[in-house]
Amino acid sequence: MDVEPFGPGSMHWETAGEYRNLLVAGSALVLQTMHPAVGAAVAAHSAYKDDPWGRLDRTLTSVQKWVYGGAAGPAEGRRLREMHAPISGVDEQGRAYHALNGDAWAWVHWTLFERFITLNEYFGRPYPVQRQELLFAESKQLARILRVSEREMPADLAAFWDYFDHMVAERLEPHPTALDVLEVLHGTPMPPRLPAALRRAWVPVGMASGEFNHFLAVGTLPPAVRRKLGLAWSGRDERRLRRIGRAIALVTPRLPERLRYMPIAYRARRAARGRPVVNGAFRESSPTPRPARP
């Protein structure tokens, strides 16, 4: 299946490689592991406990290849599916799971779209409906790179939000892995390869690094998800998160490109402008109220 690669001018080109994505990475994993098949597979086959940032680094590297790898993006999608093909088993409740189960594989992908919307709701400029529709169209393009089944693709933006609400209400559960992820975040330091200038800004005054990771994860989850997980979140917490978000939204556009974007994205963007890139553009290197609806 031929899939058009991403390039300059696309919303993913502008967004997917930003360090800001680290701010919703924890909540993305919580959302994903609330799906019973994903939660069981991650519990049995992932290194998220022993090496949480290493796992995230590998995930972000893969995402950047999908978006910034040009013709290599679809190859990365195939590699990812091949890597997950052997992952299967039976969970503690006796339910069979497989990493490539169509429903589960699609859910992991669609959480990325929802998290992009949430990222800009809290830490950027919220997307109007027209921009959400454009991002959704691009996300369907990305879904094809990842070989998400066409029957698992909502027809349009309105259908996506119906799908998302249904998944939260009917399919997701307070899976032990999701709760475990939140506990791991509580003890996780800041990302080890974050540029020095960003490391100084990562943790607000008065919050330890692990506390901040947990605060971000809980605060950026949809309220219905917090309720399902039994997580407390006060009006004061929301106001604090909004203050942090406004500061990040103000600073981010003013950062030099090399501090705003992770290495693969930074090199690809320079290469696309015809500027010299050292050692190749794609060398591997690490790195709310509900959104508006139509």
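None of these values were measured; they are calculated from a predicted model.

Asks: So what's going on with the overall build of the chain? Residues and values would help.
Replies: Summing up its helical and strand segments, the chain has 15 helices and two strands in all. Counting all 294 residues of the chain, 54% fall into the buried class. Accessible area for the chain stands at about 13,500 Å²; split by element, carbon and sulfur atoms hold 54% of it.

Asks: An account of the nonpolar core is needed here, citing residue identities and associated values.
Replies: Counting 75 residues, the largest nonpolar core has Tyr68, Trp110, Phe123 and Trp202 as its most contacted members. By residue number, the principal contributor to this core is helix H6 (residues 102-123), which donates 10 residues.

Asks: So, the packing of aromatic side chains: which residues are in play, and what are the values?
Replies: According to the stated counting rule, one finds 16 aromatic pairs in the structure shown. Pairing Phe215 with Trp233 gives two aromatic rings, centres 5.1 Å apart and planes at 40 degrees, and the pair type is tilted. Of the two residues, Phe215 is situated in helix H11 (residues 209-219) and Trp233 in the loop between helix H12 (223-229) and helix H13 (235-251); the sequence distance between them amounts to 18 residues. Grouping residues by exposure puts Phe215 and Trp233 together as buried. One aromatic cluster is present, formed by Trp107, Trp110, Phe113, Phe136, Phe160, Trp161, Tyr163 and Phe164 through successive ring pairs.

Asks: Kindly report on the environment of Lys140, identifying the contributing residues and their values.
Replies: Relative to the assigned elements, Lys140 resides in helix H7 (residues 129-145). Distance from Lys140 to Glu150, taken between C-alpha atoms, is 9.1 Å for residues 10 residues apart in sequence. In contact with Lys140, not counting residues within four places along its chain, are Trp110, Met153, Pro154 and Ala155.

Asks: Explain the side chain of Ser10 residue by residue, including any values.
Replies: Here Ser10 is to be found in the segment before helix H1 (11-15). Here Trp13 takes part through its backbone nitrogen, which lies 3.2 Å from a polar atom of the side chain of Ser10.

Asks: How would you explain helix H5 (residues 72-84) if you had to name every residue and give the values?
Replies: Taking 1.5 Å of rise per residue, the 13 residues of H5 would be expected to cover 18 Å, and the 19 Å separating its terminal C-alpha atoms lies within 8% of that figure. Along H5, the residues that are buried comprise Gly73, Pro74, Glu76, Gly77 and Leu80. Buried residues of H5, viewed axially, fall in a sector of 155 degrees; they line one side.

Asks: If you had to explain unusual backbone geometry to someone new, which residues and values would you point to?
Replies: Excluding glycine, residues mostly carry a negative phi; peptide bonds, for their part, are mostly trans. Of note, the phi angle at Arg147 is positive, near 60 degrees, even though the residue is not glycine. Position of Arg147 among the secondary structure elements: in the loop between H7 and helix H8 (157-171). Here Arg147 falls in the partly exposed class, since its relative accessible area comes to 22%.

Asks: Describe helix H2 (residues 25-33), naming the residues involved and giving the relevant values.
Replies: A large share of H2 lies buried, amounting to nine of its nine residues. Looking at the packing, one finds that the buried side of H2 touches helix H3 (36-45), helix H4 (52-68), H6, helix H9 (176-186), H11 and H12.

Asks: Got a sec to walk through the confidence of the model for the chain? Specific residues and values, please.
Replies: Residue-level pLDDT values for the chain average 85, and 89% of them are 70 or greater. Long-range and interchain partners of residues 277-292, a stretch whose pLDDT sits below 50, account for 60 contacts in this model, where long-range means more than four residues apart.

Asks: Summarise the pattern of salt bridges; cite the residues concerned and give the values.
Replies: With the rule as written, the count across this model stands at 10 salt bridges. One salt bridge connects Glu14 with Arg269, and the closest N-O pair in it is separated by 3.3 Å. With Glu14 in helix H1 and Arg269 in helix H15 (residues 263-272), this pair connects stretches of sequence that are 255 residues apart. Relative accessible area serves as the criterion here: at 10%, Arg269 is assigned to the buried category. Overlapping salt bridges, with partners in common, bring together Glu14, Glu257, Arg269 and Arg273 in one network.

About the cut-offs
Residues numbered from 1 in each chain as written. Predicted model: local features only at pLDDT ≥ 70, side-chain atom pairs only at ≥ 80, totals over all residues. Heavy atoms only, no water. Helix = DSSP H or I, 4+ residues; strand = E, 2+ residues; numbered from the N terminus. Buried < 20%, exposed > 50% of the residue type's maximum accessible area, 1.4 Å probe, protein only. Areas by Shrake-Rupley, 256 points an atom, 1.4 Å probe, with all protein chains shown as cover. Core = buried A, V, L, I, M, F, W, Y, C linked by side-chain atoms within 4.5 Å. Phe/Tyr/Trp six-rings, centres within 6.5 Å; stacked < 30°, edge-to-face > 60°. Contact = heavy atoms within 4.5 Å. Polar contact = N/O pair within 3.5 Å; in protein donor to acceptor, adjacent residues only side chain to side chain. Expected span 1.5 Å × (residues − 1). Arc of directions from axis to C-beta. pLDDT = per-residue confidence, 0-100. Salt bridge = Lys/Arg side-chain N within 4 Å of Asp/Glu carboxyl O.

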